[in-house]
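Notes for the structure review
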Amino acid sequence: MSTAHLTINLHALASNWRALDAKTGVETAAVVKADAYGLGAEPVAWALAEEGVRKFFVAAAEEGAIVREAVGPDAMVAVFSGHMERDTDLLRNHRLTPLINSPEQFKRHTGALPGHPFGIQLDSGMNRLGLEPADWAELRYEALAMNPEVVMSHLACSDEPDHPMNKQQLLTFKQMTDGVKAPRSLAATGGILLGPEFHFDFCRPGIGLYGGMPFAAAKPVVTVDLPVIQTRRVDVGETVGYGNTWTARRPSRIATVAAGYADGLHRAIGGGIDAFAGDQPCPVVGRISMDLITVDVTDLPYNPDRLRILNGHQTVDDLAEAAGTIGYEILTSMGSRYSRGYVE
Ligand SMILES: *Cc1c(COP(=O)(O)O)cnc(C)c1O
């Protein structure tokens, strides 16, 4: 087999959820948008529902339909993009809760699906999604009379605990939701770590569940194994890969593994990361190609038949740092070519 293999440890996932849940005195939901950050919305949502999660969040109604199948009829499955044109059938048929972002969406929703659940998303300063204070002031009375399932907003800088934006958004959210009886939510993973005043009635972590920063204590959830296609000897002075960026300084053995930037292992990663044979790190050398990566296995006493690029020693955030991005992007770019296995 020449495709990379992704192993998702659902025990570690559940353990991360419990650890985040234990950091607050309130309910903990789960964000499973973008196919559960690339790890498979169905098995991930199923495992979290087993763990007791009763509220799930996705980006689009199409994702919600998949999550509804996995979690059964009773959990809330809420959609960040709200009620878009042509969403009505999906929202109705899968009992999804759109998070209303604008007066237009409110009108569309109450017109198309009277009596159907909804939530409210407020803009507390991020200027990305949600009702602006003025629109909210106009809709508030009517909307609250219909008992929304949640009134929420999102923090722009929660991964920087000292950023003044956190307190500012907290204040704005409090002002906008003062006296609201519906369950309120402000915190994602970063917000949970900011402390109790950010927790309100429930929190909704994503990345922390999947083993990423800013939840430093997260257990790694994903391992990625790459099959070795070929191993060769390279003499002193010979080069490896596109652009001749790596030159052998000693007689070397180079293993070529089957994965590349088309599989989310960004070309920008360049050097500075390892591929592991068991616990033994072997440096990635030369440029990352579309489907291939070359690894210096000279210090291994044998030729490996696979190498692991993501594990407990080298996390999504290590890869992200090497690529100049964030763990979220590494996870969600893991391509469709990976075969996936789940540890239950
Ligand atoms: C993605 C997202 C979350 C989850 O954020 P994490 O940083 O992954 O915990 C929560 N709320 C909203 C609105 C989001 O877009």
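Relevant structure appears above.
Residues numbered from 1 in each chain as written. Predicted model: local features only at pLDDT ≥ 70, side-chain atom pairs only at ≥ 80, totals over all residues. Heavy atoms only, no water.

Details of the pattern of salt bridges
One pass over the structure, following the stated rule, counts 10 salt bridges. Of the charged contacts in the structure, one is a salt bridge between aspartate 35 and arginine 340, with a shortest N-O distance of 3.0 Å. Here the residue aspartate 35 occupies a position in helix 2 (residues 33-38), and arginine 340 occupies one in strand 19 (residues 339-343), the gap between them amounting to 305 residues. Arginine 92 serves as the salt-bridge partner of aspartate 89, at 3.1 Å between the closest nitrogen and oxygen. (Salt bridge = Lys/Arg side-chain N within 4 Å of Asp/Glu carboxyl O. Helix = DSSP H or I, 4+ residues; strand = E, 2+ residues; numbered from the N terminus.)

Describing the sheet that holds strand 4 (residues 55-58)
With parallel pairing, 7 strands are arranged side by side in an open sheet as 3-4-5-6-7-8-9. Each edge of the sheet is formed by a strand with only one pairing partner; in this case those strands are strand 3 (30-31) and strand 9 (184-185). Summarising the sheet, strand 5 (residues 76-79) and strand 6 (residues 97-100) pair through 2 bridges and their orientation is parallel. Each residue of the ladder has a partner; that of valine 79, found in strand 6, is proline 98. (Pairing = 2+ DSSP bridges.)

Topic: the environment of tyrosine 37
Topologically, tyrosine 37 is positioned in helix 2. Judged by relative accessible area, tyrosine 37 falls into the buried class, the value being 5%. Once you skip the residues sitting within four places of it in the chain, tyrosine 37 turns out to touch Val31, Gly206, Ile207, Tyr210, Tyr328, Leu331 and Thr332. (Buried < 20%, exposed > 50% of the residue type's maximum accessible area, 1.4 Å probe, protein only. Contact = heavy atoms within 4.5 Å.)

What about the packing of helix 3 (residues 41-51) against helix 4 (residues 61-71)?
Helix 4 packs onto helix 3 with a crossing angle of 45° between their chain directions and a minimal axis gap of 8 Å. Between helix 3 and helix 4, the angle is such that the two are oblique. For the element pair helix 3 and helix 4, the recorded crossing hand is right-handed. Note on element contacts: helix 4 touches helix 3 through Ile66, Val67, Ala70 and Val71, opposite Ala41, Glu42, Ala45, Trp46 and Ala49. A breakdown of the residues in the contact of helix 3 with helix 4 according to their chemical character gives 8 nonpolar, no polar and 1 charged. (Axes fitted to C-alpha atoms, helices over the stretch in contact; angles between N-to-C directions. Parallel < 35°, antiparallel > 145°, perpendicular 65-115°, else oblique. Left-handed = near helix turned anticlockwise from the far one by under 90°. Nonpolar A, V, L, I, M, F, W, Y, C, P; charged D, E, K, R; others polar.)

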